[in-house]
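Examining the three-dimensional arrangement
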Amino acid sequence: MKRSAGFTLIELIIVIVILGILAVTAAPKFMNMQGDARAATVNGMKGAVQSAATMVYSKAIIKGVEKTDSSTSVTTDGTTTVTTIYGYPAATTAGIAVVIDASSADWTGTPVTGTPNSYVLTPAGMTSGANATCKVTYVEAASSSAAATTTAVTTGC
């Protein structure tokens, strides 16, 4: 008797069906990786903004301008001048934007006037401005007893 080696048509169909089921169940887990990566980037930027604001405030304390409510300036690294309000970076391009030095290819920075002013950073390619759903918002200090705040919103990443 001659035995043929190989798989039958039924065995091949079963393997293809099993692979299809695995692909359908695994694909959604990998589909949202871009959103998760963008959300992690936004949270990382939030930490960078908080660190930058703290560093500038420390320099303002050394210079003795941490109680000044008008725009003053602090030099951070010998060459970079940062506009401050109550010792924290102002929510402007001459303030917090100078310190974090975010690449314009990766981030869009938008000053938002108000009381107090704020500065919104959004990843490139996302809706920018105060209404963005994937953003970092820096709010400058409103008084000498209130620190600047930074929040991250990652619902629309």
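This text goes with the structure placed above it.
Figured I'd write up the structure that's included with this text. Quick caveat, the model's predicted, so the values are computed rather than measured.

Concerning the pairing of strand S6 (residues 134-139)
Of all six residues making up S6, five are buried, and the element is well covered by its neighbours. Pairing geometry for strand S5 (residues 118-123) and S6, over four bridges, is antiparallel. Opposite Tyr-119, over in S6, you have Tyr-138 as the bridge partner. Of the pairings in the sheet, the one linking S6 to strand S7 (residues 149-154) comprises six bridges and is antiparallel in character. Residue pairing in the sheet places Val-139 in a bridge with Thr-149 of S7.

Here we look at the sheet that holds strand S4 (residues 107-112)
Taken in spatial order, the four strands line up as S4-S5-S6-S7 in an open sheet, and their pairing is antiparallel. Each end of this open sheet is capped by a strand with a single partner; those strands are S4 and S7. Between one strand axis and the next, the sheet turns through 20 degrees on average, direction left out of account. Packing of helix H2 (residues 33-63) onto the sheet brings it into contact with S4, S5, S6 and S7, and relative to S7 it is tilted by some 175 degrees.

A closer look at the state of the cysteines
This structure, assessed with the given rule, holds one disulfide. With a sulfur-sulfur separation of 2.0 Å, Cys-134 is cross-linked through a disulfide to Cys-157. With the S-S dihedral at roughly 90 degrees, the linkage between Cys-134 and Cys-157 falls on the right-handed side. Of this pair, Cys-134 sits in strand S6 while Cys-157 is found in the segment after S7, placing the two residues 23 residues apart along the sequence. As far as burial versus exposure is concerned, Cys-134 and Cys-157 are alike and both buried.

Brief notes about the side chain of Glu-140
Considering the arrangement of structural elements, one finds Glu-140 in the loop between S6 and S7. As a buried residue without a salt bridge, Glu-140 has its nearest oppositely charged side chain in Lys-135, at a separation of 16 Å. Of note is the side chain of Glu-140, whose polar atom sits 2.9 Å from the backbone nitrogen of Ala-91. Beyond its immediate chain neighbours, meaning those up to four positions away, Glu-140 contacts Ile-85, Pro-89, Ala-90, Ala-91, Pro-116, Asn-117 and Ala-148.

Notes on the sheet that holds strand S2 (residues 81-85)
Taken together, the three strands give an open sheet; going across it, the order is S1-S2-S3, and neighbouring strands pair in antiparallel fashion. Only two strands of the sheet have a single neighbouring strand rather than two, namely strand S1 (72-75) and strand S3 (88-89). Pairing between S2 and S3: two bridges, direction antiparallel. What sits directly across from Ile-85, in S3, is Tyr-88. Each of S1, S2 and S3 is contacted by H2, which is oriented at about 105 degrees to S1, the strand it contacts most.

Considering the environment of Ile-13
By secondary structure assignment, the location of Ile-13 is in helix H1 (residues 9-31). Taking C-alpha positions, Ile-13 is 74 Å from Thr-72, a pair spaced 59 residues apart along the chain.

Here's the deal with H2
Compared with the 45 Å implied by 1.5 Å per residue over 31 residues, the 45 Å span of H2 between its first and last C-alpha is a close match. Taken together, the buried positions of H2 are occupied by Gly-35, Ala-39, Val-42, Met-45, Val-49, Ala-52, Ala-53, Val-56, Tyr-57 and Ala-60. Positive phi shows up at Gly-64, right after H2, with a value of about 85 degrees.

Calculation rules
Position numbers for residues count from 1 along each chain, tracking the sequence in the order it is written. Side-chain atom pairs in this predicted model are given and counted only at pLDDT of 80 or more, local residue features only at pLDDT of at least 70, and totals for whole chains, interfaces and linings cover all residues. The side-chain figures draw on all heavy atoms in the structure; neither hydrogens nor water molecules are used. When a residue's accessible area, from a 1.4 Å probe over protein chains only, is under 20% of the maximum for its type it is buried; when over 50% it is exposed; and in between it is partly exposed. Only runs of H or I of at least four residues qualify as helices and only runs of E of at least two qualify as strands under DSSP, and these elements are numbered from the N terminus. The pairing criterion is simple: DSSP has to find at least two bridges between the two strands. Here, axes are lines fitted to C-alpha atoms. For helices the fit covers the stretch in contact, and angles between N-to-C directions go from 0 to 180 degrees. Any two residues having at least one pair of non-hydrogen atoms within 4.5 Å are treated as being in contact. In plain terms, two cysteine sulfur atoms within 2.5 Å form what is called a disulfide here. For the charge count, each Lys or Arg is scored as positive and each Asp or Glu as negative, with His and the chain ends excluded. Salt bridge criterion: a side-chain nitrogen from Lys or Arg within 4 Å of a carboxyl oxygen from Asp or Glu. Within 3.5 Å is the distance limit for a polar contact, defined as a pair of N or O atoms, with the added protein rule that one can donate a hydrogen and the other accept it, and that residues adjacent in sequence qualify only through two side-chain atoms. Multiplying one less than the number of residues by 1.5 Å gives the expected span of a helix.

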